[in-house]
Amino acid sequence: MFEPTEDQAALAAAARAFCEDTLGPIAREDDEAERFRPELIRAMGEMGLCGIPTPEAYGGMGLGYFEYCLVLEEIARVSASYAVSIAVTGLPQIILNLFGTEAQKAAWLPGLASGELLGAFALSEPGSGSDAASLATTAVRDGDTYVLNGTKFWITHGSYADVYIVMARTGGPGPRGVSAFIVPGDAPGLSFGKKEEKMGMRASPTVEVVLEDVRVPADALLKEEGFGFTVAMTALDSGRITIGATSVGLCQAALDSASRYAIDRKQFGQPIVDFQGVGFMLADMACRTETARLLVHKAAALKDAGRPFSHVAAMAKVTATDAAMAVTTDAVQVFGGYGYTREYPVERYMRDAKVMQIVEGTNQIQRLVIARHLKRTYGG
Ligand SMILES: Cc1cc2nc3c(=O)[nH]c(=O)nc-3n(C[C@H](O)[C@H](O)[C@H](O)COP(=O)(O)OP(=O)(O)OC[C@H]3O[C@@H](n4cnc5c(N)ncnc54)[C@H](O)[C@@H]3O)c2cc1C
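Below is a summary of the structure that appears in this document.

Thresholds applied
- Residues numbered from 1 in each chain as written.
- Predicted model: local features only at pLDDT ≥ 70, side-chain atom pairs only at ≥ 80, totals over all residues.
- Heavy atoms only, no water.
- Helix = DSSP H or I, 4+ residues; strand = E, 2+ residues; numbered from the N terminus.
- Contact = heavy atoms within 4.5 Å.
- 1 Å grid on protein atoms, 1.4 Å probe; cavity = no way out; pocket = protein on both sides within 12 Å on 5 of 7 lines; lining within 4 Å.
- Points joined across faces, edges and corners; volume = space filled by probe spheres on them.
- Axes fitted to C-alpha atoms, helices over the stretch in contact; angles between N-to-C directions.
- Parallel < 35°, antiparallel > 145°, perpendicular 65-115°, else oblique.
- Left-handed = near helix turned anticlockwise from the far one by under 90°.
- Nonpolar A, V, L, I, M, F, W, Y, C, P; charged D, E, K, R; others polar.
- Buried < 20%, exposed > 50% of the residue type's maximum accessible area, 1.4 Å probe, protein only.
- Arc of directions from axis to C-beta.
- Phe/Tyr/Trp six-rings, centres within 6.5 Å; stacked < 30°, edge-to-face > 60°.
- Salt bridge = Lys/Arg side-chain N within 4 Å of Asp/Glu carboxyl O.

Considerations on the side chain of Glu 34
Along the polypeptide, Glu 34 turns up in the loop between helix H1 (6–33) and helix H2 (38–46). Beyond its immediate chain neighbours, meaning those up to four positions away, Glu 34 contacts Lys 195, Glu 196, Glu 197, Lys 198 and Arg 202.

In structure tokens form, the structure reads like this:
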């Protein structure tokens, strides 16, 4: 089940080779320096990795989320920061593919899919995170334009992105008052505040985005006024599969490192892997990794088949991100004192894993989604 075909395995192998050769040598240094290298996204774009599910007609690979997950897992095994970058530049593509007009797709998709352009998704604000429908950024119609004002917080690729999908209020309170806009990165009035100093994911820039009288043409509106919350939530449904795949990559990286170390490291005259306490820890790590992978692949397969997948994507996000936190924490334990130092990458995996439980809807919010699905299913 979910066994990759030869072509799918070849795509994953190409991604793995690129990541090991190019990201591997710099992953630790960039984590320490909090450095993001947009040129590496362009290089991945040249391999087709920035637009895997975008149709070929718009410069993508025209493949499915299963392939997307295989590739994200490979990138995350080396650098979760760059896996998140590929997933985030994918969010505007999901949105344009589903909701864009022909002109909007033609204007942005080829650049995003090829990696020439970098995309961002701007929903969160200082006062509205989980409660995204309470966002305060406004967009006011003025003739053939909209004028946007507000502050977006925590925006991945903020200041680097060529295009932002910005959710702003055009109507009354609540989700029905929210609209979605395409805002070019060089729009006058768009500026950037503080860059967050983070625990993990440090090679991924997270930046405050300020909109001061940013004027966009009326045709920058996606779909229609009041549709923006649906645009954002639909994108996040798919995005959660990519966060799950990134987390599976982190699990695998931690499991690989810990297993090798447990064979090499000797205490009391024998490899520590032969102590049942360590062997069982590795066994649990392997179980969590495989469970997470299966559920992420199931969510991807449902999406690729055009079947309802939101609740499974939520389950995959919770399961894979909780697994990543547990497996990376156990990897540090297997390494003992060495695991707590920067000499080995397992401490970075652990720091990177934490945010996966928070982004694209916290795991508490995912549990709400799953509970609501159960209530509907059982007639509540
Ligand atoms: C590194 C990073 C990158 C990010 N990138 C982006 C981005 O590119 N674009 C973007 O728009 N946003 C981005 N975010 C923001 C992210 O999506 C939010 O941080 C997240 O949605 C949570 O919002 P919050 O931080 O305001 O927490 P809050 O919503 O304030 O939540 C605080 C705590 O309360 C819990 N909680 C809240 N409501 C409920 C409830 N109803 N039931 C149970 N528990 C609840 C939460 O689960 C959490 O534990 C990013 C954040 C980080 C850290």
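Here the narrative resumes.
Regarding empty space enclosed by the protein
In the structure shown here, the tally under the stated rule is 1 cavity of 30 Å³ or more. The calculated volume of the largest cavity comes to roughly 80 Å³. If you go around the largest cavity, you meet 13 residues; those closest to its centre are Ala 27, Ser 79, Ser 81, Ala 203 and Arg 348. If you list the elements that add at least two residues to the lining of the largest cavity, you get H1, helix H4 (80–99) and helix H9 (346–356). Broken down by element, the residue count for the lining of the largest cavity peaks at 5 residues, all from H1.

Considerations on the packing of helix H7 (residues 276–304) against helix H8 (residues 310–335)
For the pair H7 and H8, interaxial distance at closest approach is 9 Å and the crossing angle is 155 degrees. Taken together, H7 and H8 sit at an angle that is classed as roughly antiparallel. When you trace H7 past H8, the crossing you get is left-handed. Taken together, the residues that form the contact of H7 with H8 break down as 19 nonpolar, 4 polar and 3 charged.

Here's the deal with the packing of helix H6 (residues 228–264) against H8
Where H6 contacts H8, the two axes come as close as 8 Å, and the packing angle between them is 20 degrees. One way to sum up the angle between H6 and H8 is to call them roughly parallel. Where H6 crosses over H8, the two elements pack in a sense that is left-handed. Among the residues making up the contact of H6 with H8, the classes are represented as 18 nonpolar, 6 polar and 3 charged.

Brief notes about H2
An α-helix turns once every 3.6 residues. As a result, residues three or four positions apart point the same way. For H2, the full list of buried residues reads Leu 40, Ile 41, Met 44 and Gly 45. The arc that holds every buried residue of H2, seen down its axis, measures 150 degrees, which confines them to one face. Elements in contact with the buried residues of H2: H1, helix H3 (65–78), H4 and helix H5 (102–114). Gly 48 sits one or two residues past H2 and shows a positive phi near 90 degrees.

Observations regarding the packing of aromatic side chains
By convention here, two paired aromatic rings are described through the distance between centres and the angle between planes. Within this structure, the stated rule accounts for 12 aromatic pairs. On the basis of an interplanar angle of 75 degrees and a centroid distance of 5.7 Å, the ring pair of Tyr 261 and Tyr 344 is categorised as edge-to-face. Taken together, the positions of Tyr 261 in helix H6 and Tyr 344 in the loop between H8 and H9 put the pair 83 residues apart, joining distant regions of the chain. Judged by centre distance (6.1 Å) and plane angle (85 degrees), the ring pair of Phe 268 and Phe 275 falls under edge-to-face.

Quick word on the layout of surface pockets
Approximately 950 Å³ is the volume found for the largest pocket. Looking at the largest pocket, it is lined by 38 residues, and the ones nearest its centre are Ser 124, Trp 154, Ile 358, Val 359 and Glu 360. Mapped onto the lining of the largest pocket, the elements with two or more residues apiece are H4, strand E3 (145–156), H6 and H9. If one sorts the elements of the lining of the largest pocket by residue count, H6 sits on top with 5 residues. Along the lines of polarity and charge, the residues of the lining of the largest pocket split into 20 nonpolar, 10 polar and 8 charged.

Quick word on the pattern of salt bridges
One pass over the structure, following the stated rule, counts 20 salt bridges. Arg 16 is the salt-bridge partner of Glu 74, the closest N and O atoms lying 2.9 Å from each other. Taken together, the positions of Glu 74 in helix H3 and Arg 16 in helix H1 put the pair 58 residues apart, joining distant regions of the chain. For Asp 322, the salt bridge goes to Arg 367, with nearest N and O atoms at 2.8 Å. With Asp 322 in helix H8 and Arg 367 in helix H10 (residues 363–377), the pair connects residues that are 45 residues apart, well separated along the chain. Taken together, the shared-partner salt bridges connect Asp 31, Glu 34, Arg 202, Arg 342, Glu 347 and Arg 351 into one network.

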